[in-house]
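# Commentary on secondary and tertiary structure
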Amino acid sequence: MSKPVTSIKLVLLGEAAVGKSSIVLRFVSDDFSENKEPTIGAAFLTQRVNINDHTVKFEIWDTAGQERFASLAPMYYRNAQAALVVYDVTKPQSFIKARHWVKELHEQASKNIIIALVGNKVDIVDENEEERKVAREEAEKLAEEEGLLFFETSAKTGANINEVFMGIGEKIPLKGPEEEAQGSGLNVTDDQRVNLDSPGNADGPAGACSC
Amino acid sequence: MNTSNAYIAGDQVDIPHSENAQLNCPICFKPFTTLAELNEHLDQDHGFQNEIESQNKTTERIETSQRVQPSKRNPRNANNHNSKLESSGKLISNRHWKKFTPGSKCNDCKRQLKKTSEVRNCRKCGNIYCKRHCANVIRLNMKAEYDPKNGTWYSCCHSCYELRPGYNDFGGRVDLTDTFSNTRNKMNVDKELRKLQIENRLVRIIDGIIKLYIAAGDGVMAIMTLDYQISNLEKSITPWKDDTTALNCNICRTNFTILQRRHHCRLCGSVVCDNKNTDCSNEILVRFLRRITADLPYSEKVPTSSEFDKSIRICSSCFDMVYTSRKFIVDVQSEPSALILKYYNLRSLSEVIDSILPRFEELLSNMEIAKELNKPPNATEISEMSKFRERLLRSFTSYNILAKQLLAITPANISEKRIQASIQTVSSNYIAEKILPMKNIPTILGNSTSSNESSTATSLADSEHSKIEVKKLSDLMNNLNVKEIKEYREELMVYKEQSFMLQSMIEKSKRQRNFDEVQILSQNLQDITTRIHDIQGKLGEQGFE
């Protein structure tokens with residue numbers, strides 16, 4: 001309870017059907033669904049994780065990959081602290097799109113945004129190496145040039161998913177307790193909440209009837 | 001067998017062997033078409049069957065009978081009438097039947113038929129069908145011709161069923177227009193007569209009242225007796241219905257009570273209430289009635305004195321009869337309202353635009369073709385086009401102004417308000433629809449100006465001129481071209497969708513008591529709403545979908 005809480009606004013970008021929503025679903029509820037409907041607009045989810053002594057709260061905006069929702073993305077990455085650019089390791093086209101997203105983020109998003117490049121669906125490649133269409137080296141090279149974190153994940157098996165978010169959480173400058181106190185109303189922390197367990201809150205003995 | 005049978009039937013009758021010749025029964029002279037039928041007739045009706053023993057019944061005969069009467073097994077033909085006729089020997093001709101060979105196909109579904117039991121011959125055309133496609137019934141005579149009166153029911157194929165004369169997919173049709181118009185005319189005549197009667201009574205009552213009023217003078221006693229006299233006069237002209245049997249109002253059917261009094265209409269005599277809400281009857285001033293029915297042959301003049309305040313009670317249906325048709329005529333003859341006048345102007349303006357636009361569009365497409373072929377545009381065409389554009393532009397502007405003026409008029413009544421709303425929809429649609437094709441002009445002309453620099457000075461000047469016009473046009477359209485409008489509209493749609501989703505997400509989070517999530521989502525919703533307003537502002541009038 002006394003751990004300082006940091007909120008991280010995180011946005012997922014990438015071509016349609018690369019598995020953005022599945023990554024989030026795996027991270028938030030450790031679940032996977034085989035036939036997911038395409039996302040409409042942008043979905044919002046939150047998840048708390050403990051990193052070292054801190055609690056990090058991820059506010060995740062999962063944007064739709066379809067082209068017609070392209071105009072929505074800037075609204076969400078503009079003041080995001082972190083971005084996940086996702087591509088599909090079996091689809092070269094999605095990697096090209098990922099390059100575009102990285103470029104756009106560097107131009108439009110805030111200067112110290114932390115970007116993670118994520119190659120999804122490695123479970124397909126693990127089964128049959130011939131399915132791989134985007135070389136790991138190529139992606140690593142891009143990550144190195146642009147200063148990105150790089151992961152290859154599988155939302156289906158859950159491989160590397162938590163590592164992605166942990167990696168981002170570790171790179172975000174965590175707030176100290178003194179900064180936390182003057183945080184804006186937007187970052188409601190657990191310190192400010194009413195603790196129902198503490199005896200000071202209860203007016204009378206618990207369970208007693210007033211009559 | 002046939003021949004032997006016939007000879008036995010009687011030597012005196014020479015049975016003709018030709019197929020077409022008429023066959024008559026030698027005993028009762030009944031006509032038959034085929035020998036087989038005649039034989040059946042002789043066997044069964046005249047009892048020859050017992051004499052000729054079954055020795056003659058060859059396998060061939062059994063086969064024929066099986067083929068002639070398969071319809072007996074058909075449930076649709078199994079009615080008493082039919083089976084009786086068939087068994088009584090009246091058998092339909094089967095000469096025209098197509099022969100069945102294994103492997104023939106059903107003429108309708110083209111299914112291969114293997115067994116004889118599957119096969120049906122259409123009794124009319126004789127073609128081979130499967131059971132399913134020979135299931136219609138039709139009345140045929142012995143020659144297998146359609147005979148709706150005396151024929152017997154036989155199964156037939158669908159095409160014969162449909163091709164028979166008088167067949168109608170939609171069933172029979174009866175023209176009732178004359179009956180309807182007769183009934184209607186009769187009712188109208190009745191109504192006219194009724195109206196005449198009512199008007200007659202009205203004239204007599206009003207004349208009578210005025211006469212009595214003038215005769216009464218000013219005396220106190222006279223005034224007291226006047227009402228009594230008028231009442232008597234009214235009763236003498238119109239027979240009043242018995243009010244003790246009338247339990248409810250003749251028009252609104254409200255029951256009469258102590259408070260809801262009975263009243264008599266002075267024109268039709270029926271018992272009605274005077275409820276102010278239903279307006280079943282009203283006391284109407286003689287002066288007013290006299291004015292609205294000035295065309296009726298009154299003999300007395302309305303007293304000029306302002307003290308003449310007599311009125312008569314008239315029910316709403318009589319009042320309608322007397323007043324409504326007259327008001328309609330007056331309304332039609334009177335000057336149309338300002339709203340309608342403006343609308344006439346608007347219509348004529350839109351007619352002007354409609355007459356110019358086709359030619360203008362033609363010129364535009366000509367120019368597009370010229371541009372694609374990299375030819376310099378025709379100078380005369382350009383000048384003509386710029387002239388047209390100028391006219392169009394002026395017309396559109398005045399159309400717009402006129403429409404706005406029209407909408408600024410305060411409507412006089414509900415119907416005018418409705419008309420106004422309709423005009424608003426129509427005019428805004430009209431502008432949007434007609435102006436959108438004109439947005440192609442900037443790109444075409446813009447290119448033509450640049451590619452045209454080497455050509456003659458006149459055409460250049462013309463293009464310059466048109467460019468200025470185009471600028472004006474795009475001012476009118478918020479500086480957006482078709483593509484931009486489309487993009488903005490799509491964007492607007494996405495944002496609206498997202499804002500809707502956010503609202504539902506907020507609701508969900510609220511239910512789950514997840515208030516920091518609600519806060520983030522509301523913030524986002526606010527951003528989206530601002531963006532929506534931005535786009536709507538940019539789109540302006542083009543924003544509607």
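Residues numbered from 1 in each chain as written. Chains lettered and ligands numbered in written order. Predicted model: local features only at pLDDT ≥ 70, side-chain atom pairs only at ≥ 80, totals over all residues. Heavy atoms only, no water.

On to the overall build of chain A. The number of helices and strands found in chain A is seven helices and six strands. Listed N to C, the secondary structure of chain A is β-α-β-β-α-β-α-β-α-α-β-α-α in terms of helices and strands. When burial is assessed residue by residue, chain A has 45% of its 211 residues classed as buried. Summarising the internal contacts of chain A: among those between residues at least 6 apart in sequence, 73% fall at separations of at least 24. Per element, the accessible surface of chain A, about 11,200 Å² overall, is 48% carbon and sulfur. (Helix = DSSP H or I, 4+ residues; strand = E, 2+ residues; numbered from the N terminus. Buried < 20%, exposed > 50% of the residue type's maximum accessible area, 1.4 Å probe, protein only. Contact = heavy atoms within 4.5 Å. Areas by Shrake-Rupley, 256 points an atom, 1.4 Å probe, with all protein chains shown as cover.)

For the rest of this paragraph, the subject is the packing of helix α10 (residues 338-372) of chain B against helix α12 (residues 414-435) of chain B. Residues and elements named next belong to chain B. Following both chains from N to C, one finds α10 and α12 inclined at 20°, their axes separated by 12 Å at the closest point. The angle between α10 and α12 falls in the class roughly parallel. As for how α10 packs across α12, the hand of that crossing is left-handed. Touching Leu-339, Ile-340, Tyr-343, Leu-346, Ser-350, Ile-353, Asp-354 and Leu-357 of α10 are Glu-416, Ile-419, Gln-420, Ile-423, Ser-427, Tyr-430 and Lys-434, all from α12. Along the lines of polarity and charge, the residues of the contact of α10 with α12 split into nine nonpolar, three polar and three charged. (Axes fitted to C-alpha atoms, helices over the stretch in contact; angles between N-to-C directions. Parallel < 35°, antiparallel > 145°, perpendicular 65-115°, else oblique. Left-handed = near helix turned anticlockwise from the far one by under 90°. Nonpolar A, V, L, I, M, F, W, Y, C, P; charged D, E, K, R; others polar.)

Tallying the contact residues gives 18 residues for chain B and 20 residues for chain A. Both sides together, the interface formed by chain B and chain A hides about 1,600 Å², and carbon and sulfur atoms give 60% of it. Counting the surface chain B buries against chain A, the share from its top three residues, Val494(B), Asp516(B) and Ile520(B), is 33%. Counting across the interface, chain B meets chain A through two salt bridges. Run the count over chain B and chain A and you get seven residue pairs in polar contact (both at pLDDT 80 or more). Only α15 (482-511) and α16 (515-539) of chain B provide two or more residues apiece to the side of chain B that touches chain A. Sort the elements by how many residues they give to the side of chain B that touches chain A and α16(B) lands first, with ten residues. Looking at the side of chain B that touches chain A residue by residue, the classes come out as eight nonpolar, four polar and six charged. (Buried area = accessible area lost by both parts, 1.4 Å probe. Salt bridge = Lys/Arg side-chain N within 4 Å of Asp/Glu carboxyl O. Polar contact = N/O pair within 3.5 Å; in protein donor to acceptor, adjacent residues only side chain to side chain.)

By secondary structure assignment, the location of Gln498(B) is in helix α15. Accessibility expressed as a relative area gives 0% for Gln498(B), which makes it buried. Gln498(B) sits 26 residues away from Asn524(B) along the chain, and the two C-alpha atoms are 10.0 Å apart. The contact partners of Gln498(B), leaving out residues within four places of it in the chain, are Ile40(A), Gly41(A), Ala42(A), Trp61(A), Leu72(A), Tyr76(A) and Ile528(B).

On to the nonpolar core. Judged by nonpolar contacts, the single largest core of 51 residues is most densely connected at Trp61(A), Tyr76(A), Tyr87(A), Leu105(A) and Leu117(A). Non-local contacts of Leu117(A), meaning those with residues more than four positions away in its chain, are made with Val85(A), Tyr87(A), Phe95(A), Ala98(A), Ala139(A), Leu142(A), Leu148(A), Leu149(A), Phe150(A) and Phe151(A). (Core = buried A, V, L, I, M, F, W, Y, C linked by side-chain atoms within 4.5 Å.)

Residue and element names in this part refer to chain A. Here strand β2 (residues 42-51) pairs with strand β3 (residues 54-63) via ten bridges, running antiparallel. Its bridge partner lying in β3, Ile-51 is registered against His-54. A loop of two residues connects β2 with β3, the two strands running antiparallel in sequence, and Asn-52 in this loop sits at a positive phi of about 55°. (Pairing = 2+ DSSP bridges.)

Applying the stated criterion across every chain yields a total of 25 salt bridges over all chains. For Arg347(B), the salt bridge identified is with Glu351(B), shortest N-O distance 3.8 Å. In this pair, Arg347(B) and Glu351(B) are both assigned in helix α10, four residues apart and thus about one turn of the helix distant. Under the relative-accessibility criterion, Glu351(B) is labelled partly exposed at 48%. By sharing partners, the salt bridges in this structure join Glu129(A), Arg132(A), Arg136(A), Glu140(A) and Glu152(A) into a single network.

Another aspect to go through is the confidence of the model for chain B. Reading predicted coordinates in detail is not appropriate for stretches of low pLDDT. All names here are of chain B. In the predicted model, chain B carries a mean pLDDT of 76, and 77% of its residues have values of at least 70. The low-confidence segment residues 446-478, where pLDDT is below 50, has 44 contacts with residues more than four positions distant or belonging to other chains. In the predicted assembly, ipTM is 0.78 and pTM is 0.38. (pLDDT = per-residue confidence, 0-100.)

Moving on, we get to a nonpolar patch on the surface. Taken together, the side chains of Val189(B), Leu193(B) and Leu196(B) present a nonpolar region at the surface, about 290 Å² in accessible area. Along the chain, Leu196(B) turns up in helix α6 (residues 177-216). (Patch = residues over 30% accessible without salt bridge, like charges linked within 9 Å, V, L, I, M, F, W, Y side chains within 5 Å.)

Moving on, we come to the packing of α10(B) against helix α11 (residues 379-408) of chain B. All names here are of chain B. Contact pair α10 / α11: the axes reach a minimum separation of 9 Å and the direction vectors enclose 155°. Judged on the interaxial angle alone, α11 and α10 are roughly antiparallel. Relative to α11, α10 is oriented so that their crossing is left-handed. Of the residues that constitute the contact of α10 with α11, the class distribution is 21 nonpolar, six polar and six charged.

This part covers empty space enclosed by the protein. Residues and elements named next belong to chain A. Taken as a whole and assessed by the stated rule, the structure comprises two cavities of 30 Å³ or more. Looking at the largest cavity, its volume works out to about 60 Å³. The wall of the largest cavity is formed by Thr-63, Ala-64, Gly-65, Gln-66, Glu-67, Phe-69, Ala-70, Ala-73, Lys-97 and Trp-101. Its residues assigned to classes, the lining of the largest cavity comprises five nonpolar, three polar and two charged. (1 Å grid on protein atoms, 1.4 Å probe; cavity = no way out; pocket = protein on both sides within 12 Å on 5 of 7 lines; lining within 4 Å. Points joined across faces, edges and corners; volume = space filled by probe spheres on them.)

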